Structure formats: C-alpha cells, structure tokens
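Per-entry structural report
Single-letter residue listing:
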Amino acid sequence: MPAIIIAVHTMKGGSGKSTITTILASYLQYVNRKRVLVVDADDPQYSISGIRENELSLYERLVKLTESGHTPAGLETMANTPFEKAMTERLRFNVEHQISPADFYPVLRASAATLQQVDFTANVDFDYVFLDLGGVYDRRIVDMLAKCHLVLVPFTTQNIDIRHSTDYCLMLIDSINEGELGQTTQIRCLWNKYKFFYDKKAQLIEETIGSYFAEINTPVAFLKARLQDADAGFDQNKMLTTLSNPVAIKSDPRCGSKYAGTVVRLADEILRLCEPAITSQTA
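These remarks concern the structure in this document. Keep in mind it's a predicted model, so treat the numbers as computed, not measured. (Residues numbered from 1 in each chain as written. Predicted model: local features only at pLDDT ≥ 70, side-chain atom pairs only at ≥ 80, totals over all residues. Heavy atoms only, no water.)

An order of S3-S2-S4-S1-S5-S6-S7 is seen for the seven strands of this open sheet, with the pairing classed as parallel. The open sheet has two edge strands, strand S3 (107–109) and strand S7 (220–222), and neither has a second partner. Shown here is a sheet whose adjacent strand axes are inclined to one another by a mean of 25°, direction ignored. Of the strand pairs in this sheet, strand S5 (residues 150–155) and strand S6 (residues 186–191) are connected by six bridges, and their pairing is parallel. The partner of Phe 155 across the bridge, within S6, is Trp 191. This element, helix H7 (residues 159–177), spans S5, S6 and S7 of the sheet and lies at about 160° to S5. (Pairing = 2+ DSSP bridges. Helix = DSSP H or I, 4+ residues; strand = E, 2+ residues; numbered from the N terminus. Axes fitted to C-alpha atoms, helices over the stretch in contact; angles between N-to-C directions. Contact = heavy atoms within 4.5 Å.)

Next up on the list: the state of the cysteines. Tallied over the full model, the rule gives zero disulfides. Summary of cysteine pairing: Cys 169 is not part of a disulfide, and the nearest cysteine sulfur, belonging to Cys 189, is at 3.7 Å. (Disulfide = S-S within 2.5 Å.)

A general tendency of soluble globular proteins is for nonpolar side chains to be buried together. The biggest cluster of nonpolar side chains holds 43 residues, and the ones touching the most others in it are Ile 6, Tyr 128, Phe 130 and Ile 270. Contributing elements (two or more residues each) for this core: strand S1 (4–8), helix H1 (17–30), strand S2 (36–41), helix H2 (47–67), helix H4 (82–96), strand S4 (128–133), S5 and helix H10 (258–282). With nine residues, H10 is the largest single contributor of residues to this core. Excluding residues that lie within four positions of it along the chain, Phe 130 makes contacts with Ile 6, Thr 21, Leu 24, Ala 25, Leu 28, Val 36, Leu 37, Val 38 and Val 39. Core analysis: the second largest hydrophobic core is formed by 38 residues, Ala 7, Leu 37, Tyr 194 and Ile 209 among them. (Core = buried A, V, L, I, M, F, W, Y, C linked by side-chain atoms within 4.5 Å. Buried < 20%, exposed > 50% of the residue type's maximum accessible area, 1.4 Å probe, protein only.)

Right, let's talk about helix H8 (residues 199–215) for a bit. Look at H8: 24 Å from first C-alpha to last across 17 residues, which is about the 24 Å you get at 1.5 Å a residue. Those residues of H8 that fall on the buried side of the exposure criterion are Ala 202, Ile 205, Ile 209 and Phe 213. Down the axis of H8, the sector holding all buried residues measures 65°, keeping them to one side. Facing away from the buried surface of H8 by more than 90 degrees, the exposed residues are Lys 200, Leu 204, Ala 214 and Glu 215. Its buried side turned inward, H8 meets S5, H7, S6 and S7. Within two residues after H8, Asn 217 carries a phi angle of roughly 55°, on the positive side. (Expected span 1.5 Å × (residues − 1). Arc of directions from axis to C-beta.)

For the rest of this paragraph, the subject is unusual backbone geometry. Each neighbour pair has its own omega, and for Asp 43 with Pro 44 the value is 10°, a cis peptide bond. Along the chain, the position of Pro 44 falls in the loop between S2 and H2. A positive phi is found at Tyr 46, a non-glycine position, where the angle reads about 45°. Mapped onto the fold, Tyr 46 is located in the loop between S2 and H2. Positive phi is not limited to glycine here, since Lys 193 has a value of about 55°.

Okay, H2 next. Between its first and last C-alpha, H2 extends 30 Å over 21 residues, near the 30 Å set by a 1.5 Å rise per residue. Buried-residue contacts for H2 involve H1, S2, helix H3 (72–78), H4, S3 and S4. Gly 69 lies just past H2 and shows a positive phi near 120°.

Structure (structure tokens):
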C-alpha cells in the first residue's frame, strides 16, 4: 500500500512547521509503531536533518559510554547542557523499551528539484511520509503538495501569523480551483503555540474563516486539537527525532504534561482523517 503523504506547510517562518513535523513523526513511529519517513526539503537550512545528525553523533558517544560501564541514569547526572540532558533521557527511555538506532525513522535530505522525481505512489516501505518543505509557494512546491493526502497549515494567535496563514489557505484554494491541487487533498488549519486565554479569539477566528471557506465551498477546516505552548522548560528538548519528548513523557508514569496530551490528541485526530485514504487504497 502506498504511503499517506502529509505536509506541514506555510510561507510564514517561525510558525513551527519543522517542530510539528518532528513531533508527529516521532509519535507515529515510536508510539503507534507506524513506518514513517521524513523528507527534509527545507533548503538551505535543512533543520530536521541537521538535528538528526547532531543527535546521532551524541547518541553514539553515549552508547559507547554505556558499553564501558556507565548506566543511562548515571549519564543523566553528567549532562552539562539541555541538549545533552535530553539525549541522555532518550537513551534511558530507548534502553528500557528496547528501541535501537535501527528503529529510528529515516530522515531523507532532498532539494525541491530532486523531490519532484520521487514516485511516492510506488513506495510500499512506509505508512506515512512527512514532507518538510521550504517557506515558499512556487511551481515545485505546488507539485509536491499535489501529491499530499493532507496539508496542515499552522496558525498562531499572533495577528501577523493569522493573516499570513489565512492568505496561504487562499493560495491553496486558488491552486485547487485552477486544477493544480487535487480535489481530494485535505487542508486543515492547526493552532500552534496556543495559549488557553486566547479561546474566545480563536473561536471567533475559526468561525469567521470557516464561514468564509464554507461559502466558497472549499475543503478547509480547523483541527479540534490545539497544540499548546510548550510547558515551562520544555522548549529546549521537544524537537528531537530519535524520540520526541511528548512520547517519553506520555510513556513514563513518573511524568505528566499537558503538552504531551495535546500531541496525542492531535496525532489521533490526524490518523482518523487519514483512515478514508487508507481504506480507499486497500479496497
């Protein structure tokens, strides 16, 4: 069965595209045990593949230390930076749950040009493919979005971000009307960096934007799950590809996190959205 292709995309920088991609991919791979591929085509920064390279470099050194007699718990006390501490926590969790580097989802670095040459419909090795695309909207990006089953558009509660994300949705609609994007491509807006005291503002925005899209008969809606601002002290560690922090916290009875709960609800909602596409492909 071909993979379900998901892109988290908008033209506005700082909306959390790469972070959302990483968190969702990690949850699906390490908790739901789906086969996930992340394609990093965010040229030239390639933030996800750069993070993976840094993680693997430190992870390998930590594994060698355990082989020489150090325990994962002991390594945590030796960590000097938030990144080192986060990685030692990952190592402990992975050792306890028998997750090895062979279980990490692959991160493929590609340019927008080379990505166009990939035939995702022929790939049966993965259940989900996440595309991390650059913050532009050109012919090559549109061609990639046309291959997606789901496009997630991040919104934050900042007025400038709301305006940019709304304009981006309108660009998607124009591409659908012009036949550049498929009618079956699902478009969903997603609140990110959300603070609970914006509830009234968010509800008003959802109703206003939802009413407009309904009037022009377009497949755009907000997801129910709102990805909250990370808990205090959490930002440093949440975007790791070898095991995302929400996964570790959810699976560890000694910890608890509202952010982790939001990630779980978001991932489950996305899985439900993708079920019809999976059913149609297997029929």
